[in-house]
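Letter by letter, the chains look like this.
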Amino acid sequence: MEKQKTTNKRHLRNDIILVAVLLLFAIACGIYLFFFRATGDAVKVTVNGKPYATYSLSENREVNIYTGNNKQLNRLIVKDGKAFIETATCPDKICAEHRAIFRDGESIVCLPNRVVVTVIKSDKTDAPDAVT
Ligand SMILES: [Zn+2]
């Protein structure tokens, strides 16, 4: 009985440590993003929380993102290293009014269509800032 208690306590302590570490990590990420927000090099699109596609910011393109049994549309434009929603079928049009995003971690969210466009920095690129 006594032994069981100790194990539970240790378990709880481990949980607290885990939460603290995660919290510290989140804060560190926040600080990092705040001070060192670099320009991203790609946009990640998720629909309904699931990965939809990733597009490089270095190539101009126009993508139609269909959602809700293809009834809803968000038209994503990538131009001059920036991404924005040109037009959307959602009622609020908040996503379409959002300014173009290009910094690492920036995102455009379309709540009605459940579309999220986030700028990411892909680690694969050796020299992302080297534009020739
Ligand atoms: Zn929208």
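Above this text is the structure in question.
Residues numbered from 1 in each chain as written. Predicted model: local features only at pLDDT ≥ 70, side-chain atom pairs only at ≥ 80, totals over all residues. Heavy atoms only, no water.

Participant: Would you mind showing me how to read the coordination of the zinc ion here?
Facilitator: Think of it this way: four donors in a tetrahedron around the metal ideally sit 109.5 degrees apart, and six in an octahedron ideally sit 90 or 180 degrees apart. The coordination sphere of the zinc ion, as far as protein atoms go, consists of C90 (SG), C95 (SG) and C110 (SG), spread over 2.1 to 2.3 Å. Between consecutive donor residues of the zinc ion, the sequence gaps follow C-x4-C-x14-C. On the basis of relative accessibility, which here comes to 1%, the residue C95 falls in the buried class. (Donors = N, O, S within 2.8 Å, 3.2 Å for Na, K, Ca; no water. Buried < 20%, exposed > 50% of the residue type's maximum accessible area, 1.4 Å probe, protein only.)

Participant: For this particular structure, what's the right way to read the pattern of salt bridges?
Facilitator: Pairing is possible between side chains of opposite charge, provided their charged atoms come close. If you walk through the whole model with that rule in mind, you get four salt bridges. For E86, the salt bridge identified is with R75, shortest N-O distance 3.0 Å. With E86 in strand β5 (residues 82–88) and R75 in strand β4 (residues 72–79), the pair connects residues that are eleven residues apart, well separated along the chain. Linked through salt bridges whose partners overlap, the residues forming this network are E62, R75 and E86. (Salt bridge = Lys/Arg side-chain N within 4 Å of Asp/Glu carboxyl O. Helix = DSSP H or I, 4+ residues; strand = E, 2+ residues; numbered from the N terminus.)

Participant: Please clarify how the sheet that holds β4 should be interpreted in this entry.
Facilitator: By definition, the strands of a sheet pair up through backbone hydrogen bonds, in either a parallel or an antiparallel sense. What the three strands build is an open sheet, ordered β3-β4-β5; its pairing is antiparallel. In the strand order of this sheet, the two ends are held by β3 (61–67) and β5, each with one partner. Across the sheet, the mean angle separating the axes of adjacent strands is 25° when strand polarity is ignored. In the sheet, β4 pairs with β5 via six bridges, with the strands oriented antiparallel. By the bridge assignment for β5, K79 is matched with K82. (Pairing = 2+ DSSP bridges. Axes fitted to C-alpha atoms, helices over the stretch in contact; angles between N-to-C directions.)

Participant: I tried to follow the packing of aromatic side chains on my own but got confused; where do I start?
Facilitator: Given two aromatic rings, one states the distance between the centres and the angle between the planes to describe the pair. Applying the stated criterion to the full structure yields zero aromatic pairs. One Lys or Arg, K82, reaches over the ring of F102 and ends 4.9 Å from the middle of that ring. (Phe/Tyr/Trp six-rings, centres within 6.5 Å; stacked < 30°, edge-to-face > 60°. Lys NZ or Arg CZ within 6 Å of the ring centre and 35° of its normal.)

Participant: Mind showing me how you'd approach the nonpolar core here?
Facilitator: In summary, soluble globular proteins display a tendency toward joint burial of nonpolar side chains. Grouped together as the largest cluster of nonpolar side chains are 21 residues, with contacts concentrated most on V43, L76 and V117. Elements with a minimum of two residues in this core: β1 (42–47), β2 (50–56), β3, β4, β5, β6 (107–110) and β7 (115–120). In this structure V43 touches A53, T54, Y55, L57, L76, V78, A83, V117, T118, V119 and I120, once residues within four positions along its chain are discounted. (Core = buried A, V, L, I, M, F, W, Y, C linked by side-chain atoms within 4.5 Å. Contact = heavy atoms within 4.5 Å.)

Participant: Would you take a moment to explain the environment of C95 for this structure?
Facilitator: With respect to the helices and strands, the residue C95 is situated in helix α2 (residues 94–97). With 20 residues separating them in the primary sequence, C95 and V115 have C-alpha atoms 9.1 Å apart.

Participant: Which parts of the structure should I look at to understand unusual backbone geometry?
Facilitator: Among all residues save glycine, negative phi is the norm, and among peptide bonds the norm is trans. Of note, N48 is a non-glycine position whose phi angle comes to about 60°, a positive value. Along the chain, the position of N48 falls in the loop between β1 and β2.

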